[in-house]
Amino acid sequence: MASSSSHPQRRETDNSLNVKALKAFPSSDLTEDDLIQNPQFCKLLAKLSTHVDSTGLTESLRKELEKAEEELQAETKKWMRPMIIHQLLEEMVQEYIVGKHRSTAMPGNDKFYTTLEQCLLAAKCDVQLGLSEGPSSVLEISADHLNRVMPSEQDIQDMEERLPKELEKHLKRKAYSILTYIQPESEKDSDGLKLEKFNHLPELLKEEIDRIEHLREENAEMAFRLTRETHSYLNDLLEHMKLLQTLLLENRLKVQTKLDRKKLEYLEAKCQLGVQKIRVEMLDIQLDTYTASKISTHKQIREHLETELTATQKEKQAAESKLASYEMFGQEFKDLAEEYARLQVEIEAKKLAIDSLTKLEVK
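Our subject in this report is the structure included herewith.

Rules of the game
Residues numbered from 1 in each chain as written. Predicted model: local features only at pLDDT ≥ 70, side-chain atom pairs only at ≥ 80, totals over all residues. Heavy atoms only, no water. Axes fitted to C-alpha atoms, helices over the stretch in contact; angles between N-to-C directions. Helix = DSSP H or I, 4+ residues; strand = E, 2+ residues; numbered from the N terminus. Parallel < 35°, antiparallel > 145°, perpendicular 65-115°, else oblique. Contact = heavy atoms within 4.5 Å. Nonpolar A, V, L, I, M, F, W, Y, C, P; charged D, E, K, R; others polar. Phe/Tyr/Trp six-rings, centres within 6.5 Å; stacked < 30°, edge-to-face > 60°. Buried < 20%, exposed > 50% of the residue type's maximum accessible area, 1.4 Å probe, protein only. Lys NZ or Arg CZ within 6 Å of the ring centre and 35° of its normal. Salt bridge = Lys/Arg side-chain N within 4 Å of Asp/Glu carboxyl O.

Observations regarding the packing of helix 7 (residues 153-182) against helix 8 (residues 191-199)
Move 1: Packing of helix 7 against helix 8 brings their axes to within 10 Å, and their N-to-C directions diverge by 75 degrees. Here helix 7 is positioned roughly perpendicular relative to helix 8, judged by the angle of their axes. Note on element contacts: helix 8 touches helix 7 through Asp191, Lys194, Leu195, Lys197 and Phe198, opposite Ala175, Tyr176, Ile178 and Leu179.
Move 2: Of the residues assigned to the contact of helix 7 with helix 8, the class counts are 6 nonpolar, no polar and 3 charged.

This is the structure in C-alpha cells:
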C-alpha cells in the first residue's frame, strides 16, 4: 500500500517540477515530453529558476542591463534629436513644394522656404563632404564656395526668427494626424482639446502597450496550458483508441463466427443444389440416350445373356462335380489324364498329316 501511494505522489512532484521549469523559461523550445525524458535536466532548470528570471539573467545582471538600457536610451535621444529636427525641416520644405505645385501653399512663404532649403542643402553638403576639415579632394569644393551660394544674412536671420513658429505648426499638424489615426473620434475636436489629448497620448499608449504585454503573457500562459491539455488529451485519446480497437476486434471475431456459420450453410445449400442439378442433367442425358426401343432391345439382350449365364453356370457346376469325382482317384488318375491328353494331341497331329497326304495324292 505504501509503495502504491508513493507512485502518485512522485508523479505529482514530477509534474509540478515540469510546470515550474516550463513557466520559468517560456522563451525556450522545451516541451513537457523533453522534461519527462530528461528528469535530471528538469530538476536543474527548477533550481535555476530560483536564481534567474525568465530571460536567464540574475537579479544583479538584470539591474545592470536596465541601467545600461537607460543610458543607451538617453544617448540615443541626444543623438536622434538633431536628426529628427533636420528630418522635420526637410518634411516642411517638401510639403511646401508639393503644396506649391498643387496651388495649396500660402502665398508669401517662398522666401522663407527657399532660404530654409538652401541652408539645409548647405548643411548636408558640409556634413557629407567634410568641408569643416578642409576642401573636398574629389570635387575641390570648400566652405567659401558654400558661403557664396548661401542666402544673405538678413534672409537667414528672418528665417531663423520665423522657424520656431513654423516648426511648431508643423509639429502640431503631425501630432493631430497621429492623434486622429489613433483616435478617429477626436477629428472633430477643437485644437486645444486635441492638444490636450495628444499630451496624454504617451500615457495612453503606455497603458495600451502594458495591456498588450499583459495579454501576450496571458496568451503565453494559455498556450502553455493548451499544450499540456492537448498532450494529455492526445494521450487519453490514444488510450481510448486502443481500447476501442480491442473492443472492435473482439466484436468482429464474434460477428465473424456467425457470418462464417451462415456462409457455411449457404455454401452447403449451394453444393446440394449443384448436385441436384448434376443429377437432373444425368437423367436428361440418360433419357436422351436410352429411348423406349433401345430399352426393350437391352432387356432382350439382358434376358439372353442371363439365360446363357445360367446355362454356363450349370455346365461349370457339372464340370466341377466331375472334376471332384476324378480327383478322388489321386495321382494315378492325374497321370492317366495327362497321358490321354498327350495322345489326343498326337492323334490330332497325325490326322493333320493324313489329311495333307490325302490332298497331295488327289492332286
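Having seen it, we continue.
Side note on the packing of aromatic side chains
Move 1: In total, this model carries 2 aromatic pairs according to the counting rule given.
Move 2: Judged by centre distance (4.2 Å) and plane angle (10 degrees), the ring pair of Tyr96 and Tyr113 falls under stacked. Remark: Tyr113 occurs in helix 5 (residues 110-129) and Tyr96 occurs in helix 4 (residues 59-101); sequence separation between them is 17 residues. With respect to class, Tyr96 is no different from Tyr113; both count as buried.
Move 3: Considering the side-chain rings of Phe112 and Tyr113, the 5.0 Å spacing of their centres and the 80 degrees angle between planes classify their relative orientation as edge-to-face. Neither residue differs from the other here; Phe112 and Tyr113 are each classed as buried.
Move 4: In this structure an aromatic cluster arises from ring pairing among Tyr96, Phe112 and Tyr113.
Move 5: Directly above the ring of Phe112 sits Arg162, whose terminal nitrogen or CZ lies 4.7 Å from the centroid.

Some remarks on the pattern of salt bridges
Move 1: For the coordinates displayed, the defined rule picks out 13 salt bridges.
Move 2: With a closest N to O distance of 3.1 Å, Glu166 and Arg162 form a salt bridge. In this pair, Glu166 and Arg162 both sit in helix 7, 4 residues apart, roughly one turn of the helix.
Move 3: A relative accessible area of 27% places Arg162 in the partly exposed class.
Move 4: Note that Arg216 is salt-bridged to Glu213, the shortest N-O span being 3.1 Å.

Everything listed here is a matter of coordinates, which is why it stays silent on function.
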